[in-house]
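# Tertiary structure, described
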Amino acid sequence: MVDFWAEWCGPCKMAGPIIDGLADEYAGKLTVAKLDVDAEGEIASKFGVMSIPTVVLFKDGKEIGRQVGFAGKGGYVQLLAKANV
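Residues numbered from 1 in each chain as written. Predicted model: local features only at pLDDT ≥ 70, side-chain atom pairs only at ≥ 80, totals over all residues. Heavy atoms only, no water.

To continue, consider the packing of aromatic side chains. Ring pairs (aromatic) are described by centroid distance and by the angle formed between their planes. Throughout the structure, instances matching the rule amount to two aromatic pairs. Considering the side-chain rings of Phe 4 and Phe 47, the 6.2 Å spacing of their centres and the 50° angle between planes classify their relative orientation as tilted. Here Phe 4, found in strand 1 (residues 2-5), pairs with Phe 47, found in the loop between helix 2 (41-46) and strand 3 (54-59); they are 43 residues apart in sequence, far enough to count as distant. Judged by its relative accessible area of 1%, Phe 4 is buried. Ring centres of Phe 47 and Phe 58 lie 5.4 Å apart, and the angle between their planes is 75°; this geometry places the pair in the edge-to-face category. Within this pair, whereas Phe 47 is found in the loop between helix 2 and strand 3, its partner Phe 58 is found in strand 3, the two being separated by 11 residues in sequence. Among the residues examined, Phe 58 registers a relative accessible area of 26% and is labelled partly exposed. (Phe/Tyr/Trp six-rings, centres within 6.5 Å; stacked < 30°, edge-to-face > 60°. Helix = DSSP H or I, 4+ residues; strand = E, 2+ residues; numbered from the N terminus. Buried < 20%, exposed > 50% of the residue type's maximum accessible area, 1.4 Å probe, protein only.)

If you want it as structure tokens, here you go:
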């Protein structure tokens, strides 16, 4: 799971602690990474990230789900459930 975010993004600041909590909750089942789109804009563009926060879920190197915008814990858990995490 990759959280595409930026320091100036208000919704990203709301999503951050939730995603950190999910990283702890799903430890051993899920790897969570965070990518600052200001520092790594080329990578964000490569993955088609046009707005933030965007959370992209990968399995075996392939995208299997995406949540654009702040979804709250329920939205992120729903994304993980689609992937059987």
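Moving on, there is more to tell.
Turning to helix 3 (residues 72-82), its buried residues are Gly 72, Gly 75, Tyr 76, Leu 79 and Leu 80. The buried residues of helix 3 occupy an angular sector of 140° when projected down its axis, which confines them to one face. Exposed residues pointing more than 90 degrees away from the buried face of helix 3 are listed as Gly 74 and Gln 78. The inward-facing, buried residues of helix 3 abut helix 1 (10-25), strand 3 and strand 4 (62-68). (Arc of directions from axis to C-beta. Contact = heavy atoms within 4.5 Å.)

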